[in-house]
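# Breakdown of the fold
The lines below spell out each chain.
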Amino acid sequence: MKTISENKAFGGIQGVYSHMSDVCDCEMTFAVYLPPQAVAGPVPCLWYLSGLTCTHENAMTKAGLQAHAAEFGIAIVFPDTSPRGDEVANDEAYDLGQGAGFYVNATQAPWSSHFQMEAYIASELRDLVTEKFAISVHHGITGHSMGGHGALTLAMKYPGHYQSLSAFAPIANPTQSDWGTKQLEAYLGPDAGAWDAHDAAVLLKEKGWAGDVLIDQGADDQFYDLLKPEALVKALVETKTAHSYRLQSGYDHSYYFVSTFGRDHVKWHAERLKA
């Protein structure tokens, strides 16, 4: 692991690091914020998964989560959204390839050589950060848009990994959306049955979520129709999953929306991870 930068922030350290990923077969960059409480020993950890076109840097610099993490004494990990590099497959469209990993393990060429983001987030990077940083075994997960999709699906697929869950404007029903069908077919192949394992609205009915979940959605989100929030709300109700689903009037899909409600989410996770 290489240290790219470390800066003091709110009494803690915001670091950016890189390492050679075995599962993605390329150099990967990620960021970790350690609150001041980490000096005294391991702290709970919140994973923040970003959306389409983002890197580790977007949420790190725009969401304003470090102040809240310092307040509540939890670390935050900001992974990248895909493998990157000259040897990594890409597409001219913004919503496929580099910057658009969709947090799945690709099985189709040319993506399968590097796009193993599910294994990277849920296993390889998790092991690395718990080894290298003062992070406890208590982990929560959240994310925005494509990252919200990743947070919901990974939490349900790996229930022992995460004890708390939230999302900002998640892609909730990708098997029925242009933000999903294109990418899932490219990464996983034409068998739509294989896509269900990466659809939160479907997974909730199949696997469920043992805890409660917090979801914020902007009512004026310009991508509302692509996110399919109604499918997730229906699944939450049908499965009797404890939830707080908040439709926020006037808010769009931007980081202004995320930063406005970021403290609520950090507090939500801290309360559950420290319980």
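Residues numbered from 1 in each chain as written. Predicted model: local features only at pLDDT ≥ 70, side-chain atom pairs only at ≥ 80, totals over all residues. Heavy atoms only, no water.

Let us now look at the environment of alanine 9. Its place among the elements puts alanine 9 in strand E1 (residues 2-9). A sequence separation of 266 residues divides alanine 9 from alanine 275, and the C-alpha atoms of the two residues are 26 Å apart. (Helix = DSSP H or I, 4+ residues; strand = E, 2+ residues; numbered from the N terminus.)

Before going further, it helps to spend a moment on the state of the cysteines. As used in these notes, a disulfide is a covalent bond between sulfur atoms, one from each of two cysteines. According to the stated counting rule, one finds zero disulfides in the structure shown. Free cysteine cysteine 24: the closest other cysteine sulfur is in cysteine 26, separated by 5.4 Å. (Disulfide = S-S within 2.5 Å.)

Attention now moves to the pairing of strand E8 (residues 213-218). With respect to burial, E8 is a largely interior element, six of its six residues being buried. Burial along E8 is two-sided: Val213, Ile215 and Gln217 and Leu214, Asp216 and Gly218, pointing in opposite directions, are all buried. In this structure, strand E7 (residues 164-168) lies alongside E8, joined through four bridges in parallel fashion. Each residue of the ladder has a partner; that of alanine 167, found in E8, is isoleucine 215. As judged from the six bridges shared by E8 and strand E9 (residues 243-248), these two strands associate in the parallel manner. Residue pairing in the sheet places glycine 218 in a bridge with glutamine 248 of E9. (Buried < 20%, exposed > 50% of the residue type's maximum accessible area, 1.4 Å probe, protein only. Pairing = 2+ DSSP bridges.)

As for its placement among the helices and strands, histidine 198 is situated in the loop between helix H5 (178-188) and helix H6 (200-206). Expressed as a C-alpha distance, the spacing of histidine 198 and proline 174, which sit 24 residues apart in the sequence, is 7.8 Å. What histidine 198 contacts, discounting residues up to four positions off in sequence, is Val104, Glu118, His149, Thr153, Lys157, Pro174, Leu184 and Leu188. (Contact = heavy atoms within 4.5 Å.)

With that out of the way, let us pick up the pattern of salt bridges. Per the stated rule, a full pass over the model turns up eleven salt bridges. Note that lysine 234 and glutamate 238 form a salt bridge whose closest N and O atoms lie 4.0 Å from each other. On the criterion of helical spacing, the pair formed by lysine 234 and glutamate 238 is a turn pair, its members being four residues apart in helix H8 (residues 229-238). Note on glutamate 238: relative accessible area 46%, which makes it partly exposed. Here arginine 246 makes a salt bridge to aspartate 264, at a shortest N to O gap of 2.8 Å. With arginine 246 in strand E9 and aspartate 264 in helix H9 (residues 255-273), this residue pair connects regions lying 18 residues apart in the sequence. Note on aspartate 264: relative accessible area 32%, which makes it partly exposed. (Salt bridge = Lys/Arg side-chain N within 4 Å of Asp/Glu carboxyl O.)

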